[in-house]
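Single-letter residue listing:
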Amino acid sequence: MLTDADVERWLREDVGHHDVTNDVPGETSGRLVAKESGVAAGVDAASAVFDYLDATVTERVADGTAVEPGDALLRVAGPAQAVLRGERVAVNVAAHVSGVATRTFAAVAAAREVDDDVRVAATRKTTPGLRGVEKRAVAAAGGDTHRLDLSHMVMVKDNHVAELGLTEAIERFRERASFATGVEVEVEGPDAAARAAAAGADVVLLDNMAPPETTAAAERVAAADGDALTEASGGITVETVPDYAATGVDVISMGGLTHSAPALDLSFRTGSDG
């Protein structure tokens, strides 16, 4: 959850110890405005910035709302100094995570053109300190958050297999995990995918495979254990999502939803709408 400590840290970084720039008297109003089409997100975070500064958010859209150029994501009123101090932080956070939501929406739409059931998921490749707002942006745009942190699911990756062996790694972590904790295993080929499913993986991550190989691996997993889910990952883009949606996997995960999404172009304007 977003806390006052998070907001205070953001503001401390931007305001510093002697802010002359925003030493403006009186009251004002302002609005956060879209300059391009996209999907709004981070509006709660932007609102929290103004709330912390004792400016009043009078109107805001819900995260996941489609916006067009000129649309206001939020409106705020209060002391001019507070409104101006919150402006840059609010824009930075909302623009960044609106970009995440916009890319997620595009990826989900591309997947749905091929398969209504396949999920598009984010990864843990998030900006330190911003995972919460980035993951909420993914969810608001119709994506799946995947693991929020290491405690949510065991993931057996290539380094674990190198140290322990595939079967031993699965058995070791299964013994140590709660009955409620799933075990996912990363593999790099159809043979290993079948072995992982047979060894008891709940989810088999098909990593860095081209679509034809992904299809073959998904089929091998289904033959080995019909209950195991399959997840495709590794360099998948919005453009290639349809190819992976056609492979029969249950999940398509994309680090690029969070680590490479361009910020949505937003601006903050004070005074009347004019």
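In what follows, the structure referred to is the one given above.
Nothing here was measured: the structure is a model prediction, and the numbers come from that model. (Residues numbered from 1 in each chain as written. Predicted model: local features only at pLDDT ≥ 70, side-chain atom pairs only at ≥ 80, totals over all residues. Heavy atoms only, no water.)

### Some details on the side chain of T247
Note on placement: T247 falls in the loop between α9 (241-245) and β11 (251-253). Exposure remark for T247: the relative accessible area of 5% places this residue in the buried category. Separated by 2.6 Å, the side chain of T247 and the backbone oxygen of Y244 make a polar contact. Among residues more than four places away in sequence, those in contact with T247 are P211, T214, T215 and A218. (Helix = DSSP H or I, 4+ residues; strand = E, 2+ residues; numbered from the N terminus. Buried < 20%, exposed > 50% of the residue type's maximum accessible area, 1.4 Å probe, protein only. Polar contact = N/O pair within 3.5 Å; in protein donor to acceptor, adjacent residues only side chain to side chain. Contact = heavy atoms within 4.5 Å.)

### Let's talk about the sheet that holds strand β6 (residues 119-121)
The parallel open sheet is built from 6 strands, whose spatial order is β6-β11-β10-β9-β8-β7. This sheet does not close on itself; its edge strands, each paired only once, are β6 and β7 (154-156). Pairwise comparison of adjacent strand axes, ignoring direction, gives a mean angle of 25° for this sheet. With 5 bridges connecting them, strand β9 (residues 203-207) and strand β10 (residues 229-233) associate as parallel partners. In the sheet register, V204 faces β10, and the bridge partner there is T230. (Pairing = 2+ DSSP bridges. Axes fitted to C-alpha atoms, helices over the stretch in contact; angles between N-to-C directions.)

### Concerning the layout of surface pockets
Rolled over the atoms, a probe sized like a water molecule indicates the empty space that remains. What the largest pocket holds in volume is close to 530 Å³. Every residue lining the largest pocket is counted, 27 residues in all, and those nearest its centre are T123, K125, S233, M254 and G255. Mapped onto the lining of the largest pocket, the elements with two or more residues apiece are α3 (80-112), β9, β10 and α10 (256-259). Partitioned by chemical class, the residues of the lining of the largest pocket number 7 nonpolar, 11 polar and 9 charged. (1 Å grid on protein atoms, 1.4 Å probe; cavity = no way out; pocket = protein on both sides within 12 Å on 5 of 7 lines; lining within 4 Å. Points joined across faces, edges and corners; volume = space filled by probe spheres on them. Nonpolar A, V, L, I, M, F, W, Y, C, P; charged D, E, K, R; others polar.)

### A word on the packing of helix α1 (residues 4-15) against helix α2 (residues 43-52)
Closest axis-to-axis distance for the α1/α2 pair is 10 Å, and the angle between their directions is 80°. Regarding the angle of α1 to α2, the classification is roughly perpendicular. Contacts between α1 and α2 involve D4, V7, E8, W10 and L11 from the first element and A45, A48, V49 and Y52 from the second. Classifying every residue of the contact of α1 with α2 by side-chain character gives 7 nonpolar, no polar and 2 charged. (Parallel < 35°, antiparallel > 145°, perpendicular 65-115°, else oblique.)

### A look at helix α7 (residues 190-198)
The complete set of buried residues in α7 reads P190, A192, A193, A194, A196 and A197. Looking at the buried positions of α7, the neighbouring elements they touch are α6 (166-176), β8 (183-187), β9 and α8 (211-224). Note on α7: the residue one or two positions beyond its end, G200, has a positive phi of about 110°.

### A few points about the environment of N159
Looking at where N159 falls in the secondary structure, it is placed in helix α5 (residues 158-164). Assessed through its relative accessible area of 57%, N159 is described here as exposed. Taking C-alpha positions, N159 is 9.9 Å from E186, a pair spaced 27 residues apart along the chain.

### Digging into the packing of aromatic side chains
For the structure on display, the rule yields 1 aromatic pair. Measuring from centroid to centroid gives 5.6 Å for F50 and F268, while their planes differ by 25°, and the two rings are stacked. Here F50 is found in helix α2, whereas its partner F268 is found in strand β12 (residues 266-270), with 218 residues between them in sequence. Here the two residues F50 and F268 agree in accessibility, since each one is buried. (Phe/Tyr/Trp six-rings, centres within 6.5 Å; stacked < 30°, edge-to-face > 60°.)

This is a description of form; function is not addressed.
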